[in-house]
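# Examining the three-dimensional arrangement
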Amino acid sequence: MKKFLLLMASIFIAAKIFAFSNEDIKKFTFENGLVMYFLEDNSSATVRTELLIRTGISSQNEKNQGLFTLYARLKNLEIGSDTIRLVKTVAPTDSEKAFLELSKALSPLNPSDAKIRAETKKMNEELKEYSSSVGGFINSAIEAKMSPTTPWKSDSGISPEIFAARSVAATRTILLQIEKNFFTARNSILLVSGNISASAAEKLAQKYFGSLPNAQESDEENFLYKKNRNALKKYKNTKSAKKFVLHDTDFSDEITQIVVEYTDFSRNECDILAATLDEDFSAFKESLISEKNLAIRGAEYANVASAQKKGSSRLIFQSLLEKTKMNPAEQSELFLKKINAQNLLSQFYLDFELSKIKSERTKKSDDSKEFMEELSLWLTTQNDESSFFSRESDLAKLSADSLAKKLASSEPYVFVIVNSRTYNKYAKNFKKAGYEAVTSKNGAWYRQDFYQNLLKEKINQPSQEKIEAIDFGKEISKSASKFIEENRKAFSTFTLKNGIPVVAKRTKSAKTVSFTISIQGGDYMFAPEYIGLATVLIDAIAVNIRNQIDLLYMNGFIKGQYDVSAKTGSSSAYINVTCAAEEFVQIINATSGAFVYGDITPVLADGITYDERTQWRLKKGTSEFQLLSAAIKQIYSKSNYPMLFDDKNDKPSKMDFYKISEVYPLYLDSSRFSIALAGGIKKDSELKEILNNAFGILETHEETAAKPANIPEPDFSAKTKRIQLTHLFLTDVAAEDAGPRPQILIPTTKFLDPVLYVLPSPEISSTDSALFNALLYELSERIAKKAKKQNPEISVKIYPPEKDLPFARISILNVERTNSVDKAYKDAVSELTEDLRKLVAQKDEEARDLQKAELVERMENLWILNNLSDVQSALGTVKLIQKGCELKNPKLYLDQYEAIDKALQDDYFVIAQAWLEKIPPIRIYSADSRK
């Protein structure tokens, strides 16, 4: 064994020469306090980017408990104890996109009231369920005893009562405080590694993070501790007991669970002790298993772990003890004696674990991705990188003798978990051994009399807060009316000198502008010979626009962030650009210059064609799209329209570059153009002059002028169809490395394929369409609830009508039997229609007209969440305007919102009766699905 250890050490020393180290890491600190760690690795083909926000559940206090998690969820972030981590690994050409995406995590949060209510309600239900569960009881009790002055700094320490008591307005205020104090540049770290230069990484960081504000000074000391400092200190000192017995009728009466936690050790001490003692062959585990009075079944039933939080480390022992002649209290004391036996920890095994840690560290240090991952994990609990690079030498200084003595002299927290009958039987034994009894009634801190007395003033407030929240809810209709009225006033329209229509919506305080250039002429214009040609053209123009703006940035003419994206539909194509308001003139001129003077080279066209064809092949390989393709063939059987969605052909088809050059002038004809803008834009007179200078040069000619797309009307003749799906199994293994796979082919006839229902809908430009969509959202939840009873893996997707596909789609995934989901759909439609009928039939007409039913409010909220969640941003707004422009009404989203706001059960009932059929006219199934 000693020879083996020496060999490991020599391997480590040799490997170190080739591994990344602290000398390879470059550290940048920007003016706003943001820190970036950079590691260049030319052997990597990709770039790893990570944003580490140094805030988590441990940042909360009793005043804002739960709202850090709520903030993260509203931003679709995963929050941990101490940090939020976002990692994106991309190709070098997508590095800028990665930086842009990461920077959005630090952008301002402005969720709608409906979204806050919905997420708060969901979290409150989860908290109630967790607090009443066995795991919730154990975890909250342990945290309350181990951290008596700050028990709310863990996910098990959130009080459902206090969390639910806040009004939406109060919640929003605290969310903004959290954003201002914690979601800032100074409180964040960037980690970048891979195939990217230091200068490029620095410029990208400066571009996307450099303009973020500095962090505010935050008072991390909790409110309750400041207010009741002496009382809490006295409570902590008087509650000197560190041994507790947790009992509940839900715990097993066959076993005793014991948890022993030490808080006196450093991170390195915890790590090396846990690694050494948790080995299945360790003397410690052998001693536990050989002790018959503990009755531990095997090494896997006892474990030692190291748990880290910012500012604290824990060494945790856990085990399951079965019944013996000893009572549970005696077994627990015997378990503690085994931990304190100094002869169970030797230097030999300590050195062995140290060599393993070094070897693993060396292995990871050869890989820049792994290396930066390890550094990031270390920084989640440490203030800087110095201890990360000194870890090996720090670990080498530890001795088994000193650690064993410290273990023996430290007083741990001990938690014994037993069934209530078992506790009652041995209550005297536990009391004699110094154990304090804890139940679910007093386990969590917020259920203890001491904290309730301190929070007496605050606990008396929930009923008032709830009343305020309800009163606030009554004001929603007024708020909606005000929103609609103010937004309508912000619109203006005019026409450029060449006839291009312009729609503008101003937001006074906005510092960004988003604009959409719509060009009539989509993929259907070139069917059937050149399907996909429009997509290639528009994507190529978007690339040229991006290149022009990049030149402005590189030459210092602009400094703000910008983004360019393109989309092509059946009858129109769109280019979206977002930029700083103060740089709008330069950006719009660069955009028009790329249109008029841009050169689409064969290389550019070939590259875009290849990318589009790759994405199309991935898309048409999905079962869901294959069902859609079959549905469109049925609905548009008498036209070429299904070619745009044909899963049997490639798209785009092979392109002739001369054809691209030939049709390019079509996209420069002014009759095809329309422009929509939103955000911090100029006055109409100035804006009109700017746009005339940019796009007034365009003209219209008879041979290139816009012509109607002539997209056919859908035919909803009832039909059920079963199609044979192509089931693809994708892998990231390269073809040359795959070998003859699969080695064994296992045939199967059981597939959990999707089912597709297609429903006709009201005219999408009407306000009835909004009510119909709200019904769809409610219907999908009811279908899912019913279908999940048969198969929990089922999920339901709703696709409301849109211009290219003017009908509703309901896609049900992971279907085991089609008859069961058919029934779930039919029952959901019947139930929803019947619920609305009952509401309409209520006798109290006056009450019914004055107050919306709960079902109506729920459908209204679902519509808002699904349609207006991004309206606070310039880009979100301009997309809504652009959709409205397609339907000859730029303010359509406001008209539909007004209809939703005013609608009552009568209105929904009329739409449900007219459009929700118990049997959808178009039903597409997989041939492999069982009935």
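Residues numbered from 1 in each chain as written. Predicted model: local features only at pLDDT ≥ 70, side-chain atom pairs only at ≥ 80, totals over all residues. Heavy atoms only, no water.

## Quick look at the overall build of the chain
Which entries qualify depends on this criterion: Helix and strand definitions follow DSSP, with helices as H or I runs of at least four residues and strands as E runs of at least two, each counted in order from the N terminus. Buried means the residue's accessible area, taken with a 1.4 Å probe over protein chains only, is under 20% of the maximum for its type, while exposed means over 50%, and partly exposed covers the values in between. In what follows, a contact means two residues having at least one pair of non-hydrogen atoms within 4.5 Å. The method behind every accessible area is Shrake-Rupley, applied with a 1.4 Å probe, and residues are considered shielded solely by the protein chains displayed.
On a plain count of helices and strands, the chain comes out with 38 helices and 22 strands. Burial statistics for the chain: of 931 residues in total, 50% are counted as buried. Look at the contacts in the chain between residues 6 or more apart in sequence, and 82% of them connect residues 24 or more apart. A total accessible area of about 44900 Å² is found for the chain, and carbon and sulfur atoms account for 50% of it.

## Considerations on the nonpolar core
How we decide: Here, nonpolar core refers to any group of buried Ala, Val, Leu, Ile, Met, Phe, Trp, Tyr and Cys residues whose side-chain atoms link them within 4.5 Å.
In this structure, Ile-810 and Tyr-908 are the most contacted members of the largest nonpolar core, which totals 59 residues. If you tally residues by element for this core, the top one is helix H32 (residues 768–787), at 11 residues. Those residues in contact with Tyr-908, other than ones at most four positions away along the chain, are Leu-771, Ala-774, Leu-775, Leu-836, Val-856, Met-859, Glu-860, Ile-900 and Ala-903. Counting residues in hydrophobic clusters, the runner-up holds 55 residues, among them Ala-504, Ala-542, Ile-558 and Ala-694.

## Concerning the sheet that holds strand S6 (residues 243–248)
Hydrogen bonds between backbone atoms are what pair the strands of a sheet, whose relative direction is either parallel or antiparallel. For the record, the criterion: Pairing between strands is defined by DSSP: at least two bridges between the two strands are required. All axes are obtained by fitting lines to C-alpha atoms, using only the stretch in contact for helices, and the reported angles, taken between N-to-C directions, cover 0 to 180 degrees.
The six strands lie next to each other as S8-S9-S7-S10-S6-S11, forming an open sheet whose pairing is mixed. Every other strand in the sheet has two partners, leaving strand S8 (302–309) and strand S11 (436–438) as the edge strands with one partner each. Strand-to-strand twist of the sheet, defined as the mean angle between neighbouring strand axes without regard to direction, takes the value 20°. By the bridge criterion, eight bridges tie S8 to strand S9 (residues 312–322) in an arrangement that is antiparallel. Bridge pairing links Ala-305 to Ile-316 in S9. Together, S6, strand S7 (255–262), S9 and strand S10 (413–419) form the strand contacts of helix H13 (residues 328–340), whose direction differs from that of S7 by roughly 40°.

## Notes on the environment of Ser-873
Looking at the secondary structure, you find Ser-873 in the loop between helix H35 (854–867) and helix H36 (874–886). Along the backbone, Ser-873 and Ser-514 are 359 residues apart, and their C-alpha atoms lie at a distance of 8.9 Å.

## Regarding H35
Which entries qualify depends on this criterion: Each helix should span, by expectation, one fewer than its residue count multiplied by 1.5 Å.
Under the 1.5 Å per step criterion, the end-to-end length of H35 is 20 Å for 14 residues, consistent within 8% with the ideal 20 Å. Where H35 is concerned, the buried positions are Leu-855, Val-856, Met-859, Glu-860, Leu-862, Trp-863 and Ile-864.

## Focus on the pattern of salt bridges
Cut-off, in case you're wondering: In what follows, salt bridge is the name for a side-chain nitrogen of Lys or Arg lying within 4 Å of a carboxyl oxygen of Asp or Glu.
Summed over all chains, the structure comprises 42 salt bridges. Here Glu-898 makes a salt bridge to Arg-488, at a shortest N to O gap of 2.9 Å. With a gap of 410 residues between them, Glu-898 in helix H37 (residues 892–902) and Arg-488 in helix H24 (residues 476–489) connect regions that are remote in the sequence. On the accessibility criterion, Glu-898 (25% relative accessible area) is partly exposed. A salt bridge links Lys-902 to Glu-898, with the shortest nitrogen-to-oxygen separation between them at 3.5 Å. Placement of the pair is Lys-902 and Glu-898 together in helix H37, with a separation of four residues, close to one helical turn. Among the charged side chains, a network of salt bridges with common partners joins Glu-778, Arg-782, Lys-786, Glu-831, Asp-835 and Arg-858.

## Comments concerning the confidence of the model for the chain
Basically, it comes down to this: The predictor reports its confidence for every residue as pLDDT, a score running from 0 up to 100.
Here the chain shows a mean pLDDT of 82. Residues at 70 or above account for 86%. Note that pLDDT drops below 50 for residues 1–19; the model gives that stretch 22 contacts with residues more than four away or on any other chain. The low-confidence segment residues 457–477 (pLDDT under 50) makes 17 contacts with residues lying over four places distant or belonging to another chain.

## Some words on helix H18 (residues 400–409)
How we decide: For this quantity, the arc is that covered by the directions from the helix axis to the C-beta atoms.
Buried residues of H18: Ala-400, Leu-403, Ala-404 and Leu-407, and no others. All buried residues of H18 project into a common sector of 100° when viewed along the axis, lining one side.

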